[in-house]
Amino acid sequence: MPDFVMKNICKSFPGVKALDNANFNANRGDIVALLGENGAGKSTLIKVLCGEHKPDSGEIFFEGRKLSIHSTRDAIEQKICAVYQELSLVPELTIAENMFLGFYEVDGLRRVNYRKLEERTAELFKKYDADYLNPGIKVKELSLAQKQVLEILKALNRDGDIIVFDEATSALSDKNARWLMNIIRRLAEEGKVIIFISHRLDEIRSLCSRVIVYRAGTDVADLKIEEADSDQLVALMLGREIGGYYPEKENFVREDEVLVSLKNVCSGHALRNVNLDLRAGEILGVGGLAGQGQSELFKCLFGLLPYSGEIAIKGKVIRMNNTATAMKQSIALIPEERGLQGVVLKQSVRENIVLASLDKIANGLFLSKAKESAVVDESMKALSVKAESPETLVGTLSGGNQQKVVLAKALATEPDIILMYDITRGVDVGTKKEMFNMTKQYAKEGKAILFYSTDSEELVNVCGSVVVMNGGMIAGRLDGDMSTRENIIRLSVGEDAKEENDDEN
């Protein structure tokens, strides 16, 4: 028997069988990929392992001993820990307080020694080459990428024997993703069991020795990584062949129709003299290393950050003081953190989709149920939202389906300008293809799309042109054949872009 075994795990929710005799196994020192499209059962399996869900049936063994896991604390005490795709940090607490949340050491008077917490946090950060983070600052001051790094370090602080990484690289820069993968290799060398969930097949190939594929709530394949090519893995995930992952590029840009124009836009230290034009029918990519002003650029355009300089919409200078102003200008934002900024997890799919477009489904003072149903049904169908019904709570959906609801909510406002911030983060390959095709269709309809992604391959294959940010400024613009992953990296680090046939000497 392998060191770690999950056997015949079943778990049902009202109207949905999330896991149907699902299996997983690994030995100490293994890095095993768990692959499957959104809704395949991966997250449910991990939540069963980590004590968040009680299985209807099935067994879990570690080193021959049957585990009994009734809560998350049970799991941690049995040296099982996870880095989740959705952040579990408390924004108003400091980094050190988050690191030990639920496990504070107290003295005889039940007092917490916060200085000791910070010292222990600093020691851990030094161990994992993350001492650039200050243990004393509040989490709310961190960027999304820094929060993801902290989430990883918080899990490592539990010193687990079984460690789950659930889309842990999805918000990381290439540099931080390499940092994490080196840590994972180190943990495997120490004899840990590593479960690695990612939709980035290149990461899986470089890191994992085996891949277990899930579909419709159960395992359908267990392969050595060298035995599985990408097309085969995708076909196993979807139960069908998939072709044309990226849509064929077409030029829909209306050169004489500038919908957004920025002139010398600055915002604190994050944005410095940004000049940018975005035209109807254009998909303009935004690239660069994480934390170079991309998030602030999107927030300024959606009225979420103060700025100096000019923003003109359809030729008219508009002061973007708030989100209401942005929405009146027919701008929609798919935001950075879907769980905090994109959806209300405790509301239904229906309530979330119409949340930003109530004016469009109103008859005078009252909402029209008929209009609401039409908008919701059309949105769910167009984006293939997998939910039992429109009344399903968004918090019960997989991460990819939550992202579809975020998209549906934004698109229900019928925008002319769409700000897409890393929309495919944590989304399976089938859903990514749908999103890429949808993005192209909106460009064809004459909408202007600003498209940021942490994945430079997406920028190159989806966008007609890419602007690269560095130090809060636009370091350069890449058009046509100049738009390559190599040139995005060159501009990101302050070098000049090169044509492919340029000599390297």
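The structure this text deals with has already been given above.
The notes below deal with the structure included here.

The rules behind these values
- Residues numbered from 1 in each chain as written.
- Predicted model: local features only at pLDDT ≥ 70, side-chain atom pairs only at ≥ 80, totals over all residues.
- Heavy atoms only, no water.
- Helix = DSSP H or I, 4+ residues; strand = E, 2+ residues; numbered from the N terminus.
- Buried < 20%, exposed > 50% of the residue type's maximum accessible area, 1.4 Å probe, protein only.
- Contact = heavy atoms within 4.5 Å.
- Areas by Shrake-Rupley, 256 points an atom, 1.4 Å probe, with all protein chains shown as cover.
- Lys, Arg positive; Asp, Glu negative; His and termini not counted.
- Charge placed at Lys NZ, Arg CZ, Asp CG, Glu CD.
- Pairing = 2+ DSSP bridges.
- Polar contact = N/O pair within 3.5 Å; in protein donor to acceptor, adjacent residues only side chain to side chain.
- Axes fitted to C-alpha atoms, helices over the stretch in contact; angles between N-to-C directions.
- Phe/Tyr/Trp six-rings, centres within 6.5 Å; stacked < 30°, edge-to-face > 60°.
- Lys NZ or Arg CZ within 6 Å of the ring centre and 35° of its normal.
- Salt bridge = Lys/Arg side-chain N within 4 Å of Asp/Glu carboxyl O.
- Patch = residues over 30% accessible without salt bridge, like charges linked within 9 Å, V, L, I, M, F, W, Y side chains within 5 Å.
- Expected span 1.5 Å × (residues − 1).
- Core = buried A, V, L, I, M, F, W, Y, C linked by side-chain atoms within 4.5 Å.

### Here's the deal with the overall build of the chain
Piece 1. Scanning the chain from N- to C-terminus turns up 17 helices and 22 strands.
Piece 2. Referenced to the eigenvectors of the C-alpha coordinate spread, the extents of the chain come out at roughly 70 × 60 × 55 Å.
Piece 3. Sorting the 505 residues of the chain into buried and exposed places 53% on the buried side.
Piece 4. Restricting to contacts in the chain with at least 6 residues of sequence separation, those with at least 24 account for 65%.
Piece 5. Total accessible area on the chain stands at roughly 22700 Å², and carbon and sulfur atoms take up 47% of it.
Piece 6. Side chains of the chain give 64 positive and 75 negative charges; the mean places of these two sets differ by 5 Å.

### Let's talk about the environment of I423
Piece 1. When you line up the elements, I423 lands in the loop between β19 (417-421) and α15 (429-444).
Piece 2. For I423, a relative accessible area of 1% puts it in the buried group.
Piece 3. Linking I423 and V16, residues 407 residues apart in sequence, is a C-alpha distance of 26 Å.
Piece 4. Once residues lying within four places of it in the same chain are set aside, the contact partners of I423 are I334, Q403, L407, M435, T439, F451 and Y452.

### What about the sheet that holds strand β15 (residues 316-317)?
Piece 1. Here we have four strands laid out as an open sheet, ordered β12-β11-β14-β15, and antiparallel in their pairing. The strands lining the two open edges of the sheet, one partner per strand, are β12 (271-279) and β15.
Piece 2. Here strand β14 (residues 308-313) runs beside β15; their pairing, made up of two bridges, is antiparallel. The residue of β15 that forms the bridge with I313 is K316.

### What to know about the side chain of K192
Piece 1. As for its placement among the helices and strands, K192 is situated in the loop between α6 (174-189) and β8 (193-197).
Piece 2. K192 gets classed as buried once you look at its relative accessible area, which sits at 9%.
Piece 3. Of note is the side chain of K192, whose polar atom sits 3.1 Å from the backbone oxygen of G160.
Piece 4. Residues in contact with K192, not counting those within four places in the same chain, are R28, G29, D30, D159, G160, D161, I163 and L187.

### Considerations on the pairing of strand β21 (residues 465-470)
Piece 1. Counting buried positions along β21 gives five out of six residues, so the element sits mostly inside the fold.
Piece 2. Here strand β13 (residues 283-287) pairs with β21 via four bridges, running parallel. Along β21, the bridge assignment pairs G287 with V468.
Piece 3. The hairpin turn running from β21 into strand β22 (residues 473-479), its antiparallel successor, is two residues long, and G471 in that turn takes a positive phi close to 65°.

### Regarding unusual backbone geometry
Piece 1. A positive phi angle, close to 50°, is found at N273, a residue other than glycine.
Piece 2. Along the polypeptide, N273 turns up in strand β12.
Piece 3. Phi angles above zero are rare outside glycine, and S384 is one such case at about 55°.
Piece 4. By the element assignment, S384 lies in the loop between α13 (369-382) and α14 (399-411).

### Some details on the environment of A356
Piece 1. In this structure, A356 sits in the loop between α12 (349-353) and β17 (362-363).
Piece 2. Since its relative accessible area comes to 26%, A356 is described here as partly exposed.
Piece 3. In this structure, the C-alpha to C-alpha distance between A356 and A410, residues 54 residues apart in sequence, is 7.2 Å.
Piece 4. The residues touching A356, leaving out its near neighbours within four places in the chain, are M327, K409 and T413.

### Quick look at the sheet that holds strand β2 (residues 16-26)
Piece 1. The strand order across the open sheet built from four strands is β2-β1-β4-β5, with neighbouring strands paired in antiparallel fashion. Every other strand in the sheet has two partners, leaving β2 and β5 (65-66) as the edge strands with one partner each.
Piece 2. Packing against the sheet, helix α1 (residues 42-49) makes contact with β1 (4-13), β2 and β4 (57-62), and its axis sits at approximately 110° to β1.

### Side note on the packing of aromatic side chains
Piece 1. As enumerated under the stated definition, the model contains four aromatic pairs in all.
Piece 2. Relative to Y452, the ring of Y421 has its centre 4.4 Å away and its plane inclined at 35°; by these criteria the two rings are tilted. Of the two residues, Y421 is situated in strand β19 and Y452 in strand β20 (residues 448-452); the sequence distance between them amounts to 31 residues.
Piece 3. Over the aromatic face of Y307 sits the side chain of R319, whose NZ or CZ is 4.1 Å from the ring centroid.

### Re the pattern of salt bridges
Piece 1. By the definition in use, this model includes 24 salt bridges.
Piece 2. Linking E92 and K138 is a salt bridge whose minimum nitrogen-to-oxygen distance equals 3.5 Å. One end of the pair, E92, is in the loop between β6 (80-83) and α3 (95-99); the other, K138, is in the loop between α4 (114-127) and α5 (144-156), with 46 residues separating them in the sequence.
Piece 3. According to the relative accessible area criterion, E92 is partly exposed, its value standing at 45%.
Piece 4. Owing to a relative accessible area of 31%, K138 belongs among the partly exposed residues under this scheme.
Piece 5. The salt bridge involving R350 is made with E391; its shortest N-O contact spans 2.7 Å. Highlighted residues: R350 in helix α12 and E391 in the loop between α13 and α14, separated in sequence by 41 residues.

### Here's the deal with a nonpolar patch on the surface
Piece 1. On the surface, a cluster of nonpolar side chains totalling about 250 Å² of accessible area is made up of L289, I489 and V493.
Piece 2. Positionally, V493 belongs in the segment after α17 (485-492).

### Re α6
Piece 1. Here α6 spans 23 Å end to end across 16 residues, near enough to the 22 Å set by a 1.5 Å rise per residue.
Piece 2. Residues of α6 that are buried include every one of N176, A177, W179, L180, M181, I183, I184, L187 and A188, and no others.
Piece 3. Turning to α6, the residues buried within the fold contact β3 (31-35), α5, β7 (162-166), β8 and α7 (201-207).

### Looking at α4
Piece 1. A rise of 1.5 Å per residue sets the reference length of α4, with its 14 residues, at 20 Å; its end C-alpha atoms lie 20 Å apart and thus fit the reference within 8%.
Piece 2. As for α4, its buried residues are in contact with α3 and α5.

### Things to note about the nonpolar core
Piece 1. Membership of the largest hydrophobic core comes to 53 residues, with the highest contact counts inside it found for F125, I152, L153, F165 and W179.
Piece 2. In terms of residue count, the dominant contributor to this core is α6 (eight residues).
Piece 3. What I152 contacts, discounting residues up to four positions off in sequence, is V83, F165, A168, L172, W179 and L180.
Piece 4. Grouped together as the second largest cluster of nonpolar side chains are 43 residues, A408, I418, F451 and V460 included.

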